[in-house]
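# Fold and geometry: a report
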Amino acid sequence: MVDNVGVAVVGVGFVGGQAHVPAFRKIPGSELVVICDKIEARVKPLSEKYGVKYCLDYEEVLNNPKVNAVVLAVPTPFHFELAMKALEKGKHVLCEMPLAPTIEQIRKMEEMAKKSKVVLLPDLNFRFAPVYVKAKEMIQEGIIRNPIAAHFREFIPAAALAEQWPAGSWAWDINKSGGYPDFTLSVWSIDMLRWLFMDEISSVEWMTNYASLKEFGGILGYNTMGIIKFRKGIVGSLHYGATVNQLASTSRLEVYGDNTNVLHAVWNNKIVLYGSDPEPKEIPVEAKGTRMWGHYQIDNHFIECIQQNKQPLATVEDAMRTQEIAQKMVKKPK
């Protein structure tokens, strides 16, 4: 077994700085060696807060003998190049999703990981989010008997989207990112449904409506809807929206069973069961900080896979299958 795994977090924006960095400061068997970002004003305060070294040059990370594993939380256009460099150096890689803008690039990343005999883990953290783990447990216990249909919706405030990805940034360039933000943000829930039902999506039809939101700098407020069907017959619908205000922001999974029971996973902290009782039964899901959406758990799993030389629960094949479904929505608005 490998002793402490030396980790570098590259990209300390929202996910890297608020999820991965604090997670790796607490995960047993890991040592956060260095954090890296091109913007010193962003990385230096984080370095001081957590008492870890920082650098501005990615090559410095790759050449650091104490770094065994690299966490890539940079924008999607940089995933392929930075991951390939790390894999070639024999570094294990945990990479944010989408894994790369194209399936061809993902295949090359997979080949390099196999050649270098290292772990390449796509950050499909919804599989580890306590609210979805609990939902899956309840389904497997037979509470809704057999699932026959599902619906997932995720509405992001237009103001928040414009702040994170302003018009003109990489997120709105299909060639750089693989698709618009609806594509970029859909991959976690699509994979979660595959994992939830242990089945593959056999067909999908996407319908999109993009609205130019001038009051938010001209970003494209999207409403993207997909109708899916799984190989074993489960049908489902997906709705990704970014034309709402803060009050209408939500994340909600609904699963319907053939015994007429219905299960809802609301945000990241509550399960609601509509069963035989006169009133819905609310089941709180306690999770705080980096554990709420499964970031701590998947980071911990990454370390375990390296130390114990075991196959990750989320694979590169999972990332490819998920992105193949998501990329079918990608088209320029009329």
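Just above, that's the structure.
What this report covers is the structure whose coordinates are included nearby. Please read all numbers here as calculations on a predicted model, not as lab measurements.

Our next topic: the sheet that holds strand 11 (residues 250–257). The sheet built from eight strands is open, its strands ordered 8-9-10-7-11-12-13-14 with mixed pairing. Single-partner strands in this sheet number two, and they are strand 8 (201–213) and strand 14 (281–284). Taking each pair of neighbouring strands and ignoring which way they run, the sheet shows an average axis angle of 15°.

Once that is clear, we can look at the sheet that holds strand 3 (residues 53–55). As summarised here, the arrangement of the six strands in space is 3-2-1-4-5-6, forming an open sheet in which the pairing is parallel. What marks the edges here is a single partner per strand, and that holds for strand 3 and strand 6 (120–122). Here the average twist between neighbouring strands, direction ignored, is 25°. Strand direction decides the pairing type here: strand 4 (residues 69–72) and strand 5 (residues 92–95), joined by four bridges, are parallel. Bridge assignment links Val70 to a residue of strand 5, and that residue is Val93.

Let us look at the environment of Val285. Looking at where Val285 falls in the secondary structure, it is placed in the loop between strand 14 and helix 10 (295–308). Once the C-alpha coordinates of Val285 and Val131 are considered, the two residues, 154 residues apart in sequence, prove to be 6.0 Å apart. Beyond its immediate chain neighbours, meaning those up to four positions away, Val285 contacts Pro130, Val131, Lys134, Asn268, Asn269, Lys270 and Ile271.

Counting through the fold element by element, Glu154 comes out in strand 7 (residues 147–157). Buried and unpaired, Glu154 has no salt bridge, with Arg153 as the nearest side chain of opposite charge at 11 Å. Leave out the neighbours within four places in its chain, and Glu154 touches Phe126, Leu185, His239, Tyr240, Gly241, Thr250 and Ser251.

Criteria and cut-off values
- Residues numbered from 1 in each chain as written.
- Predicted model: local features only at pLDDT ≥ 70, side-chain atom pairs only at ≥ 80, totals over all residues.
- Heavy atoms only, no water.
- Pairing = 2+ DSSP bridges.
- Helix = DSSP H or I, 4+ residues; strand = E, 2+ residues; numbered from the N terminus.
- Axes fitted to C-alpha atoms, helices over the stretch in contact; angles between N-to-C directions.
- Contact = heavy atoms within 4.5 Å.
- Buried < 20%, exposed > 50% of the residue type's maximum accessible area, 1.4 Å probe, protein only.
- Lys, Arg positive; Asp, Glu negative; His and termini not counted.
- Salt bridge = Lys/Arg side-chain N within 4 Å of Asp/Glu carboxyl O.

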